[in-house]
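In case you want the letters, here they are:
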Amino acid sequence: MSSTGVNVLRWSALAFGVFYGFSHQRTITTTQRAQHAQHEYEHKQKLIDQAKAEYAKKKNPVVAAAADDVVTDVNSPDFDLEKLLLKIAKESP
């Protein structure tokens, strides 16, 4: 038979294990809920950003000529004389 001290030690270890398991499970659940909430928030923010972009496109449609933007600043590193001359030639017949 076991002595009283061993039985107390066993029951104490059992109680400690149950308490630890319970607190650890609460921590895991809380972390998962926070991650889920963050993911849901990011998804909603992405949808809002997409809606804003679509609204901006709808309110301010991009002109086809805007896609062929020509840099007119001679000091700019993106300046291209050929593109500028072609644009001027198209505008004035």
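All of the points below concern the structure found in this document. Predicted model, so just to flag it, every value in this text is computed and none were measured. In this convention, every chain numbers its residues from 1, walking through the sequence in written order. Local features in this predicted model are restricted to residues of pLDDT 70 or higher, and side-chain atom pairs are both shown and tallied only at a pLDDT of 80 or more, whereas totals for entire chains, interfaces and linings draw on every residue. Only hydrogens and water are set aside; all other atoms, that is, all heavy atoms of the structure, feed into the side-chain values.

### Examining the overall build of the protein chain
Here a strand is any run of E in DSSP of at least two residues, a helix any run of H or I of at least four, and the numbering for each starts at the N terminus. If you tally the helices and strands in the protein chain, you get 2 helices and 0 strands. Only protein chains enter the accessibility calculation, which uses a 1.4 Å probe. A residue is then buried if its area is under 20% of the maximum for its type, exposed if over 50%, and partly exposed in between. Taking all 93 residues of the protein chain together, 2% fall into the buried category. Each accessible area is a Shrake-Rupley estimate made with a 1.4 Å probe; only the visible protein chains count as cover when residues are assessed. Working note: accessible area of the protein chain is about 8900 Å², and carbon and sulfur atoms make up 61% of it.

### With respect to the pattern of salt bridges
When a carboxyl oxygen of Asp or Glu lies within 4 Å of a side-chain nitrogen of Lys or Arg, that pair is called a salt bridge. Going through the model one piece at a time under the given rule, you end up with 2 salt bridges. Across the salt bridge formed by Glu40 and Lys44, the nearest N and O atoms sit 3.5 Å from each other. A residue pair is termed a helical-turn pair when its members lie 3 or 4 positions apart in one helix, as Glu40 and Lys44 do in helix H1 (residues 4-59) at 4 residues. Residue class for Glu40 comes out partly exposed when judged on its relative accessible area of 36%.

### Points about a nonpolar patch on the surface
Candidates for patches are residues over 30% relative accessible area with no salt bridge; among them, like charges are joined within 9 Å and nonpolar side chains (Val, Leu, Ile, Met, Phe, Trp, Tyr) within 5 Å. Taken together, the side chains of Trp11, Leu14 and Val18 make up a nonpolar region of the molecular surface, amounting to roughly 370 Å² of accessible area. Summarising the element assignment, Leu14 is placed in helix H1.

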